[in-house]
Amino acid sequence: MESREQKVEQQRVDSVINQITAKIKSVSLEYSKAHAEMKSVQQNYSANTSVNYVEVDDRIDTSAELQQQRALASRLIENEQIISNQLHVYKDLEQSPYFGRIDIQDPGEAEQEKLYIGTASFTDDESNFLVYDWRAPISAIYYNGTLGDVTYDTPAGKQLTTLTKKRQFLIQNGKIESMFDTNETVGDEMLQHVLGQQNDETMQNIVATIQREQNDIIRDTRSDLLVVQGVAGSGKTSAILQRIAFLLYHSRRELQADQIVLFSPNKLFSHYISDVLPSLGERNMRQVTLADFLTQRLQGLNVESLFDHYEKDVDLSADQQALVDYKSSSQYMHQIADYCQNLEPTHFKFNHIYFDGRIFFNKAAIEKIYQGLPHLQPAERFLRTKNILIKQLKRRINQEAKSDWVAEEIDQLSDEEYHNLLGSKRLHDFQEVDAETNYIARKIVTRRLRKVYDAIYNNYFLDIYSQYADFMDTVAIPDNLPATVMAASKKAFLHDIEFHKCELVDAAPLLYIRDILTGGGQNHAMHHLFVDEMQDYSIAQLQYLHHAFPKAHMTFLGDAEQALFKAVQTPEGLLNSLRDAFHVHHPRLLKLNRSYRSTLPITTFAKALLPDGDQIEAFNRPGQLPRLVIRYDTESCYEALEDEVTSLRSGNGTVAILTKNLEQAHEVYQKLHHENNDVTLMTDADLSLPKGTLVMPIYLAKGLEFDAVIAWNVSAANFPDDRFTGTLYTIATRAMHQLVLISLGPVSPLIASNKMPKSVLQIEHELTN
Ligand SMILES: Nc1ncnc2c1ncn2[C@@H]1O[C@H](COP(=O)(O)OP(=O)(O)OP(=O)(O)O)[C@@H](O)[C@H]1O
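Residues numbered from 1 in each chain as written. Predicted model: local features only at pLDDT ≥ 70, side-chain atom pairs only at ≥ 80, totals over all residues. Heavy atoms only, no water.

Enquirer: Please explain the overall build of the chain as it appears in this structure.
Expert: The helix and strand tally for the chain stands at 27 helices and 26 strands. Taking the principal axes of its C-alpha atoms as reference, the chain extends roughly 95 × 75 × 60 Å. Here the chain holds 769 residues, and 51% of them are scored as buried. Of the contacts made within the chain by residues no fewer than 6 positions apart, 74% connect residues no fewer than 24 positions apart. Carbon and sulfur atoms make up 48% of the accessible area of the chain, which totals about 36500 Å². The average position of the 76 basic charges and that of the 104 acidic charges among the side chains of the chain differ by 4 Å. (Helix = DSSP H or I, 4+ residues; strand = E, 2+ residues; numbered from the N terminus. Buried < 20%, exposed > 50% of the residue type's maximum accessible area, 1.4 Å probe, protein only. Contact = heavy atoms within 4.5 Å. Areas by Shrake-Rupley, 256 points an atom, 1.4 Å probe, with all protein chains shown as cover. Lys, Arg positive; Asp, Glu negative; His and termini not counted. Charge placed at Lys NZ, Arg CZ, Asp CG, Glu CD.)

Here it is as structure tokens:
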């Protein structure tokens, strides 16, 4: 039954919603007007684009007018967009205007104030705040404060107040479903409700239930390097997105969404999180995967992806491991920087520039230019060389413009082509006819030699591959790495380059060498760099990202335990390595030890897989024990899989069958698909997750979650030793409500260990005779 208190609160909700509804009406009217205005300008614009293009003068006037109209149209579109966004925000508020209330007593004030907190601010006609945005300074108290005296940060400094009440609401369709008073950050009841729900296709914001430790990450504006070690399901990704929304609000004037870049683990993940910021009324930040970023920067090269890497690098010899460790280290990157700074001009490696299959600029000539310059930093010297080459190209264009083929081509130009070549020039700009013909001739040659210009502009005359090979030849390598292994690696690198391929471990060092020597590759406009799943990045790669976005504040989040096929580094060790490598002023390490995603039995099982799993605190959400199903031949194993899928599907929206690698995902898919059409095999090209039964290798499921998970073939043969702990742990922790493990033959020692209490699993054996 509704309490008296709840009735009073419901009356307030009703009154606020009435005001929001009235606001929606007026903003809708505004929107219709803006839309009509935009449409009429657009129609006008398209009518004008069909004007006569032949007369040069007309064309120039028309183009100026068109430009004006285009600018007006884009302003109106922007205006319409702003109003439309506002409408979205109000419509969301109309359903659920707020989720929290705090009562505060400011020092010296006679009366207490009641403040209500929601996803966005809402004021009445007299500008009184009926709802405060969750990011407003005062709202921090809701997340951080316990009853009593509290302080909060404001632009004017710290403020003191007394918190006398903290209340949470669950309001749906304008009705208070439940409300609680609490002294905690956000009480368990609310979290139980949110976490018990079925998985959606895309991630939801957690604004109503942000926890205190998460709030520290979200509201940190001081650190230039924030490293978050958070156990699986502890809300790292959620915290990133809430943090971005917070930063956009906090620095509304200086920061735009496209000045924030997030490196995400795969494309499925990018789609999975794409609704969170729009649900908070913000635009999405830029998102990129490491593979896309590297491939884009190393155009023409097929850079090995993290996925190829997972498929391949399971069994490395000690020497090979030493090589990978070295090339992934900050020391390696420092040695590259030293190499570049001290590079003798005679050691600089150049390429010929070709045109139509013939050498246009000879590398010996380029070398001569470079070596002839005064003593300068390599990048400066390179830039000067580039400018000299462009000057030489211009000279050659002028000479070539006098040749017969150009004159012939001019003769054959149609009027329209001729005018196009004239561009914005007018006929009376030229003193004589010759000058005009010469102008056209140079235009023709310039167009023809465009490729040469592009090659110079894009620095193709630097032979970065030979340069990197030279570096590998000359660098002082660590004691544990045999010189023969390094030499073989150089050879393999050059061999791969012949086939336009490059291993992942060489991509960042290669780019680093190129950037330092050419003075390029740095984006100074990016204010924030976020890296999710940082355990999958080497220090060398992170160092390159820091170099590529030198002005960006960095937030790196990950879970050392989820490192797939890789040794685990302690968070403190990682922070120290990063601090030394980056020379930052305000590094900060935060830890999230509470796991929210999975039920208590699933988290309890997952914890037991880890040597130091005790640090993980499970959120107490009840559920069934994970089931371990053991079969002794392939046929019965697949039968068991089918039975499990059928039974899990009846209660869950998505069931994900997670495998160790792609090959096993294919095998499972072939088998299941044969019997049942409602199964999807996910690949790294997929952009979104369908509902139903999904099959994928674990590295594609990084950062994702599913209602139910089946861990495929957790046998001793498939997961033989502790190199696979991270993989198995990551698989288990993708499950929200149910987890089934299927083993073909004896179970992995990671599960069948003394450390694994019998009570955390329900085991089903097949009887054998
Ligand atoms: N404060 C919170 N309130 C409600 N739900 C939360 C909260 N924190 C986390 N969650 C939920 O827990 C789940 C896991 O969160 P998230 O994916 O952000 O964790 P993660 O640390 O990035 O996980 P992983 O490293 O395992 O991929 C999500 O469903 C998220 O919505």
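Enquirer: Looking at this model, I keep getting lost on the site of the ligand. Mind explaining?
Expert: By nearness alone, 23 residues border the ligand, and T209, K236, S238, E705 and R734 come closest of all. The separation between a nitrogen atom of the ligand and a polar side-chain atom of T209 is 2.6 Å. In the model, an oxygen atom of the ligand is placed 3.0 Å from a nitrogen or oxygen of the G235 main chain. Relative to its unbound accessible surface of 630 Å², the ligand loses 96% to contact with the protein. Elements that contribute at least two residues to the shell around the ligand include exactly α4 (188–195) and α6 (236–250). Looking at the shell around the ligand element by element, the count peaks at 3 residues for α6. (Near = heavy atom within 4 Å. Polar contact = N/O pair within 3.5 Å; in protein donor to acceptor, adjacent residues only side chain to side chain.)

Enquirer: Even after reading the chapter, I still don't get a negative patch on the surface, so can you show me in this structure?
Expert: Taken together, the side chains of D308, E311, E663, E667 and D684 make up a negatively charged region of the molecular surface. Mapped by element, the contributors of at least two residues to the negative patch are α10 (306–312) and α26 (662–675). Mapped onto the fold, D308 is located in helix α10. On the basis of relative accessibility, which here comes to 39%, the residue D308 falls in the partly exposed class. (Patch = residues over 30% accessible without salt bridge, like charges linked within 9 Å, V, L, I, M, F, W, Y side chains within 5 Å. Salt bridge = Lys/Arg side-chain N within 4 Å of Asp/Glu carboxyl O.)

Enquirer: Mind showing me how you'd approach the packing of aromatic side chains here?
Expert: A complete count under the given rule lists 31 aromatic pairs for this structure. Ring centres of F129 and Y132 lie 4.7 Å apart, and the angle between their planes is 15°; on these two criteria the pair is classed as stacked. A relative accessible area of 41% places F129 in the partly exposed class. The class for Y132 is buried, based on a relative accessible area of 18%. Taking the centre distance of 5.3 Å and the plane angle of 70° together, the rings of Y339 and F471 count as edge-to-face. Of this pair, Y339 sits in helix α12 (residues 330–341) while F471 is found in helix α19 (residues 464–474), placing the two residues 132 residues apart along the sequence. With respect to burial, Y339 and F471 carry one shared label: buried. An aromatic cluster is defined as three or more aromatic residues linked by ring pairs; in this entry it consists of Y326, Y332, Y339, Y465, Y468, F471 and F493. (Phe/Tyr/Trp six-rings, centres within 6.5 Å; stacked < 30°, edge-to-face > 60°.)

Enquirer: Would you explain the environment of G623 in this entry?
Expert: In this structure, G623 sits in the loop between β19 (617–618) and β20 (627–631). On the basis of relative accessible area, G623 is assigned to the partly exposed category, the value being 41%. It is 33 Å that separates the C-alpha atoms of G623 and F307, two residues lying 316 residues apart in sequence. Here G623 is in contact with T599 and P601, once residues within four sequence places are set aside.

The values reported here are purely geometric and, on their own, carry no functional implication.
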